Amino acid sequence: MMWATSQWETIHTTDSKGENRDESITRKRKRGQDSSSDEGRVQWWWDKGLEASCSHCQKRSDGHISQCHSRARELLGTLLRIDMTTFEEKHWGKVPSITSPTDEERKRMNLGTRLPAQMLGIKDIDRLLRKKRGDRPVRYLKDVDVTKYVNGKRMSLVDHDGPADADEIWKAFKEDGYSIRLVHPQQYDDTLYELCAYLQEYFGSPVGCGTYLTPANTQGFGPHYDDAEIFVVQLEGRKRWRLYDRPDKVSSPRTMRVTDFKEEDLSKPFKDFWLEPGDVMYFPRGIVHQAISSETEHSLHLTFSTYQRNTWFDLFQYGRM
């Protein structure tokens, strides 16, 4: 899993040559972070007054706030729209959580105010597909998957590593019903990089993310479970989600495994619902799920995942290496 280092810790550390802060920021941005294209994206973080609401944080002389677990916890609660004590006691590692924007949030979304649902759009996917990290372009399999799931079978546009062809990908999306999954887009996008960094402050574990763009009336992946805790933010369009009890009855599946299931092997879903722009969902590791876009428009959602390989078993496995 790729994860982000705390952004402000990186920015505010001078190097061995004693370069000043501004020079250090410039050097960091050249690593592939393009701050100008993402300016203003994180406005929703501050709308709740998070820059001053954490009693454990001390404002630095340059105006930034020291990161800490308490502030990151409050940020996650804002994203989930749920009291964090309730989330920790009733949902985390147990049952899904699904929340929708308030009427006031929807009004602000319509007015163009930066909120979670506006972190990324379909134009940003094109930008990220064509962006380089240093001299390295986006690559098939490593940075982007192009897949579709039809009649119980998953098909991939390519089965080899190599530089991704953005025009080829968009042709497959528009003409052949392929979904586009960007893997670890925080490598190329400041908003996602910073959000992953903050969430790591709360979880104490690496946080990764991915974007899923699906054409109308299609799905990119069949029923499966993931080996991490998953958060989903619906950005554009609508998507129908179905969550299932596991047919193998394993309550805590092994990590580093993603298992696909045939639909006929699954029982009736215990949750069947639509996510719309601004909706946020959490579900624990191991829950079987599948999702399909609406018949009339594409769907774009963002996932954050954490606690992969974070069990006692994994610790002892590492210890044996």
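Residues numbered from 1 in each chain as written. Predicted model: local features only at pLDDT ≥ 70, side-chain atom pairs only at ≥ 80, totals over all residues. Heavy atoms only, no water.

(A) Representation of the nonpolar core in the model. Formed by 46 residues in total, the largest nonpolar core has its most connected members in L76, V144 and F304. Element by element, the count of residues in this core is highest for helix α10 (residues 190–203), at seven residues. If we skip the residues at most four places from it in the chain, L76 touches M84, L199, Y202, F203 and F231. (Core = buried A, V, L, I, M, F, W, Y, C linked by side-chain atoms within 4.5 Å. Buried < 20%, exposed > 50% of the residue type's maximum accessible area, 1.4 Å probe, protein only. Helix = DSSP H or I, 4+ residues; strand = E, 2+ residues; numbered from the N terminus. Contact = heavy atoms within 4.5 Å.)

(B) How the structure looks around the side chain of Q219. Secondary-structure assignment places Q219 in the loop between β9 (207–214) and β10 (224–225). Classification of Q219 by relative accessible area gives buried; the value is 10%. Among the polar contacts listed, one links the side chain of Q219 to the backbone oxygen of F221, at a separation of 2.7 Å. (Polar contact = N/O pair within 3.5 Å; in protein donor to acceptor, adjacent residues only side chain to side chain.)

(C) Expanded view of the confidence of the model for the chain. In this model, the chain carries an average pLDDT of 78, and 70% of its residues clear a pLDDT of 70 or more. Here residues 1–42 scores under 50 on pLDDT; set against residues more than four positions off or in separate chains, the count is 92 contacts. Under a pLDDT of 50 for its full length, residues 48–66 has, in the predicted model, 33 contacts with residues more than four places off or in other chains. (pLDDT = per-residue confidence, 0-100.)

(D) Local environment of helix α8 (residues 122–129). Those residues of α8 lying buried are D124, I125, L128 and L129. Down the axis of α8, the sector holding all buried residues measures 140°, keeping them to one side. For α8, the secondary structure elements touched by its buried residues are β5 (144–150), α9 (166–176), β8 (179–183), β9 and β17 (299–306). (Arc of directions from axis to C-beta.)

(E) Layout of the environment of R71. When you line up the elements, R71 lands in helix α5 (residues 69–80). Residue classification places R71 among the buried positions, given a relative accessible area of 5%. Sequence separation between R71 and Y202 is 131 residues; the distance between their C-alpha atoms is 8.1 Å.

(F) A look at the packing of aromatic side chains. One pass over the full model with this rule turns up 15 aromatic pairs. With a centroid separation of 5.8 Å and an interplanar angle of 45°, the aromatic rings of F203 and F231 are classed as tilted. One end of the pair, F203, is in helix α10; the other, F231, is in strand β11 (residues 229–236), with 28 residues separating them in the sequence. Pair check on accessibility: F203 and F231 agree, each one buried. Judged by centre distance (6.1 Å) and plane angle (75°), the rings of F203 and Y307 are edge-to-face. In this pair, F203 sits in helix α10 while Y307 sits in the loop between β17 and α11 (312–319), placing the two residues 104 residues apart along the sequence. In this structure an aromatic cluster arises from ring pairing among F87, W92, Y202, F203, F231, Y282 and Y307. Positioned above the aromatic ring of W274 is the side chain of R238, whose terminal nitrogen or guanidinium carbon lies 4.2 Å from the ring centre. Across from the ring centre of Y225, 4.1 Å away, lies the NZ or CZ of R246, which sits over that ring. (Phe/Tyr/Trp six-rings, centres within 6.5 Å; stacked < 30°, edge-to-face > 60°. Lys NZ or Arg CZ within 6 Å of the ring centre and 35° of its normal.)

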